[in-house]
Amino acid sequence: MSSFYDYSVENRKGESISMSQYKGKVVLVVNTATGCGFTPQYKDLENIYEAFHDRGLEIIDIPCNQFAGQTPGTDDEVHEFCTLKYHTQFDQMKKSNVNGENALDLYKFLKSQKTFEGFGSGPKAFMMSAMLKKIDPDYKNNSEIKWNFTKFLIDREGNVVRRFEPTADMEDVKASVEELL
């Protein structure tokens, strides 16, 4: 498989969702968590979704519990949290792994297209670097997902054009989405 559109993920009801249904759309794929310091990014994601959904943006929210167990609960509990606390209109998929042997094939593909390029600068970037040095001393040299709220931006032709680490400024994410619409 060599295209974004060749993959599928399960929604929280266990139904297979083919990425091919997003042909012609701009897509933001994000691994999320409900109990993370970055969880307030749900508000930013919803604002981006509301601003651009009518122009062709879709958000694929894939909850993941691989980072310090910060996504407890069932898929329905995650969905309820997102809709009640952040009023999200984009749906959450089935909780899934993004790293390791049980990682979604979609994530294996995304990581092969855009690797880790750093956390940028500032206090959050410094904190993430310090924490990851303890977890994975070689973290700078592999494409693994480092933490919750890593985002991949896919253009209307299915090309993975950007990877945003959780420390990325959400205004930069918004501007990059808008450029593709």
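Basis of the calculations
Residues numbered from 1 in each chain as written. Predicted model: local features only at pLDDT ≥ 70, side-chain atom pairs only at ≥ 80, totals over all residues. Heavy atoms only, no water. Axes fitted to C-alpha atoms, helices over the stretch in contact; angles between N-to-C directions. Helix = DSSP H or I, 4+ residues; strand = E, 2+ residues; numbered from the N terminus. Parallel < 35°, antiparallel > 145°, perpendicular 65-115°, else oblique. Left-handed = near helix turned anticlockwise from the far one by under 90°. Contact = heavy atoms within 4.5 Å. Nonpolar A, V, L, I, M, F, W, Y, C, P; charged D, E, K, R; others polar. Polar contact = N/O pair within 3.5 Å; in protein donor to acceptor, adjacent residues only side chain to side chain. Buried < 20%, exposed > 50% of the residue type's maximum accessible area, 1.4 Å probe, protein only. 1 Å grid on protein atoms, 1.4 Å probe; cavity = no way out; pocket = protein on both sides within 12 Å on 5 of 7 lines; lining within 4 Å. Points joined across faces, edges and corners; volume = space filled by probe spheres on them.

### Points about the packing of helix H1 (residues 41-52) against helix H5 (residues 170-180)
Their axes nearest at 11 Å, the elements H1 and H5 cross at an angle of 20°. Taken as axis vectors, H1 and H5 run roughly parallel relative to one another. Read as a crossing pair, H1 and H5 show a hand that is right-handed. On the side of H1, the interface is formed by Gln41, Asp44, Leu45, Ile48 and Phe52, while H5 contributes Met170, Val173, Lys174, Val177 and Glu178. Of the residues that constitute the contact of H1 with H5, the class distribution is six nonpolar, one polar and three charged.

### What about the side chain of Ser129?
Structurally, Ser129 can be placed in helix H4 (residues 123-135). Within the structure, the side chain of Ser129 is placed 3.2 Å from the side chain of Tyr139, a separation counted as a polar contact. Beyond its immediate stretch of four places on either side in the chain, Ser129 contacts Phe119 and Tyr139.

### Overview of the environment of Ile154
For Ile154, the location among the structural elements is in strand E5 (residues 151-154). Residue class for Ile154 comes out buried when judged on its relative accessible area of 0%. Expressed as a C-alpha distance, the spacing of Ile154 and Leu57, which sit 97 residues apart in the sequence, is 9.8 Å. Aside from chain neighbours lying at most four places away, what touches Ile154 is Phe4, Lys25, Val26, Val27, Val29, Leu110, Asn159, Val160 and Leu180.

### Quick notes on the layout of surface pockets
Volume-wise, the largest pocket comes out at about 260 Å³. Gly118, Arg162, Arg163, Glu165 and Ala168 are, among the 13 residues lining the largest pocket, the residues nearest its centre. The dominant element in the lining of the largest pocket, judged by the number of residues it contributes, is strand E6 (residues 160-164), at three residues. Its residues assigned to classes, the lining of the largest pocket comprises three nonpolar, four polar and six charged.

### Some remarks on the environment of Asn99
Turning to its location among the elements, Asn99 is positioned in the loop between helix H2 (75-86) and helix H3 (105-113). For Asn99, a relative accessible area of 11% gives the class buried. Excluding anything up to four places from it in sequence, Asn99 contacts Gln66, Phe67, Lys111, Glu144 and Ile145. Reaching out from Asn99, the side chain makes a polar contact with the side chain of Lys111 at a distance of 3.0 Å. Within the structure, the side chain of Asn99 is placed 2.7 Å from the backbone oxygen of Ile145, a separation counted as a polar contact.

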